Amino acid sequence: MRLRLKPQRSQFFELFSEAAQNTVEITRLLNELLGAFPEDGRELISQIKEREHAGDRLTTELVGLLNRTFVTPFDRDDIFRLATSIDDICDLVDEAALNVELYDVRRIPERAREQADVIHRAA
């Protein structure tokens, strides 16, 4: 019998991978929204909201797994901070998209489009 000192739970990495993919998708949608606005604005905002809910679900799963796991693949606090930071990105993108609609924005400044592109590339 071999004793393994390294945690074998790959679920953390699978959930982080899903959360990262969700973040890339939500930032792509924001980029598309600001690039095409006002065309398809409501539809894109709706899709962003769906991705934000998916991000919340993934964060809940990650924190739940963290609470149920005795030995984690890396520091517990780091796992928690990473999970909530990824979720914060989704929350902020959702807020930005909703603000475009709530404030009845008529024209998206070029700098905002450029910033959305930077955010998407960073994700």
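Reference entry: report on the structure contained in this document.

1. A short note on the packing of helix α2 (residues 41-68) against helix α3 (residues 76-102)
Moving on, step 1. Closest axis-to-axis distance for the α2/α3 pair is 9 Å, and the angle between their directions is 165°. By the angle class used here, α2 and α3 are roughly antiparallel. Like other packed secondary-structure pairs, α2 and α3 cross with a definite hand, here left-handed. Of the residues in α3, those in contact with Arg 42, Ile 45, Ile 48, Lys 49, Glu 52, Gly 55, Asp 56, Thr 59, Leu 62, Val 63, Leu 66 and Asn 67 of α2 are Arg 76, Ile 79, Phe 80, Ala 83, Asp 87, Cys 90, Asp 91, Val 93, Asp 94, Ala 97, Leu 98 and Glu 101.

2. A word on the layout of surface pockets
Moving on, step 1. In this model, the largest pocket occupies a volume close to 160 Å³.
Moving on, step 2. Put simply, the parts of the chain that give the lining of the largest pocket at least two residues each are α1 (11-36) and α3.
Moving on, step 3. A breakdown of the residues in the lining of the largest pocket according to their chemical character gives eight nonpolar, one polar and no charged.

3. Focus on the pattern of salt bridges
Moving on, step 1. Following the criterion strictly, the structure yields nine salt bridges and no others.
Moving on, step 2. When salt bridges that share partners are traced, they join Glu 25, Arg 28 and Glu 32 into one network.

4. Some words on the environment of Leu 92
Moving on, step 1. Tracing the backbone shows Leu 92 in helix α3.
Moving on, step 2. As for Leu 92 and Glu 52, which are separated by 40 residues in sequence, their C-alpha atoms are 9.2 Å apart.

5. Some points on the packing of α1 against helix α4 (residues 110-122)
Moving on, step 1. Direction vectors running N to C along α1 and α4 enclose 165°, while the axes themselves pass 9 Å from each other. Here α1 lies roughly antiparallel to α4, going by the angle between them. Crossing geometry of α1 relative to α4 is assigned as left-handed. Contact residues: Val 24, Thr 27, Arg 28, Asn 31, Leu 34 and Gly 35 in α1; Ala 112, Arg 113, Ala 116, Asp 117, Ile 119 and His 120 in α4.

6. A look at the packing of aromatic side chains
Moving on, step 1. Per the counting criterion, the structure on display carries two aromatic pairs.
Moving on, step 2. Between Phe 13 and Phe 74, the aromatic rings sit 6.2 Å apart at their centres with planes inclined by 40°, giving tilted as the arrangement. Here the residue Phe 13 occupies a position in helix α1, and Phe 74 occupies one in the loop between α2 and α3, the gap between them amounting to 61 residues.
Moving on, step 3. Here Phe 13 falls in the partly exposed class, since its relative accessible area comes to 45%.
Moving on, step 4. Site record: aromatic cluster; members linked through ring pairs are Phe 13, Phe 16 and Phe 74.

7. A few points about the nonpolar core
Moving on, step 1. The biggest cluster of nonpolar side chains holds 15 residues, and the ones touching the most others in it are Leu 30, Leu 33, Leu 34 and Ile 48.
Moving on, step 2. Going through the elements one at a time, α1, α2 and α3 are the ones with two or more residues in this core.
Moving on, step 3. Residue contributions to this core peak at five residues, all from α1.

Cut-off values and rules
Residues numbered from 1 in each chain as written. Predicted model: local features only at pLDDT ≥ 70, side-chain atom pairs only at ≥ 80, totals over all residues. Heavy atoms only, no water. Axes fitted to C-alpha atoms, helices over the stretch in contact; angles between N-to-C directions. Helix = DSSP H or I, 4+ residues; strand = E, 2+ residues; numbered from the N terminus. Parallel < 35°, antiparallel > 145°, perpendicular 65-115°, else oblique. Left-handed = near helix turned anticlockwise from the far one by under 90°. Contact = heavy atoms within 4.5 Å. 1 Å grid on protein atoms, 1.4 Å probe; cavity = no way out; pocket = protein on both sides within 12 Å on 5 of 7 lines; lining within 4 Å. Points joined across faces, edges and corners; volume = space filled by probe spheres on them. Nonpolar A, V, L, I, M, F, W, Y, C, P; charged D, E, K, R; others polar. Salt bridge = Lys/Arg side-chain N within 4 Å of Asp/Glu carboxyl O. Phe/Tyr/Trp six-rings, centres within 6.5 Å; stacked < 30°, edge-to-face > 60°. Buried < 20%, exposed > 50% of the residue type's maximum accessible area, 1.4 Å probe, protein only. Core = buried A, V, L, I, M, F, W, Y, C linked by side-chain atoms within 4.5 Å.

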